[in-house]
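Analysis of the macromolecular model
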Amino acid sequence: DLDVFYEKLHTPLVEAGVDGVKVDVQSGVSAIGGGIDGGRPIARLYTQAMEHSISQRFMSSSSDHSTPTATSSKEAANCINCMCHSTENLYRYNITSVARASEDFFPQHPHTHTVHLVNVAYNSLF
């Protein structure tokens, strides 16, 4: 049950005071069902369950932070989607609209700087 999975994953974070999450490797979810035409349905199920959990636990409002829900247009999901640029994912997001689209940046490793900056620049055009 994916709802139970995300509840067990996210609830301890909330209890520890975490108010947002970065959800990584999302494009890999559709690969689980690849070859048996299961990629799209699996990505849909995981995305829906993840966003449901986010809407219950990691929403913020510009006017009132005491009652997070996903019903107000002034609310935002405190979630960054990462490694999520497959169409199975991108077309399914309803409340988590922020996507990180760059290579990792390692300040102590200059060879990573150019690739990181180029990816960020290209993705900023959209």
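Described in the following lines is the structure provided in the data block.

Criteria and cut-off values
- Residues numbered from 1 in each chain as written.
- Predicted model: local features only at pLDDT ≥ 70, side-chain atom pairs only at ≥ 80, totals over all residues.
- Heavy atoms only, no water.
- Helix = DSSP H or I, 4+ residues; strand = E, 2+ residues; numbered from the N terminus.
- Buried < 20%, exposed > 50% of the residue type's maximum accessible area, 1.4 Å probe, protein only.
- Contact = heavy atoms within 4.5 Å.
- Areas by Shrake-Rupley, 256 points an atom, 1.4 Å probe, with all protein chains shown as cover.
- Phe/Tyr/Trp six-rings, centres within 6.5 Å; stacked < 30°, edge-to-face > 60°.

1. Brief notes about the overall build of the protein chain
Assigned secondary structure in the protein chain consists of five helices and five strands. Going from the N terminus to the C terminus, the protein chain shows its helices and strands as α-β-α-α-β-β-β-α-β-α. Looking at the 126 residues of the protein chain, the share that counts as buried comes to 28%. The long-range share in the protein chain, meaning contacts at least 24 apart out of those at least 6 apart in sequence, stands at 52%. Carbon together with sulfur atoms contributes 57% to the accessible area of the protein chain, which is approximately 8,300 Å² in total.

2. Section: the side chain of serine 55
Mapped onto the elements of the fold, serine 55 is located in helix α3 (residues 39-57). A relative accessible area of 10% means that serine 55 is categorised as buried.

3. Regarding the packing of aromatic side chains
Scanning the entire structure with this criterion turns up one aromatic pair. Here the aromatic rings of phenylalanine 5 and tyrosine 6 are separated by 4.9 Å at their centres, their planes lie at 75 degrees, and the arrangement is edge-to-face. The class of tyrosine 6 is buried, set by a relative accessible area of 8%.

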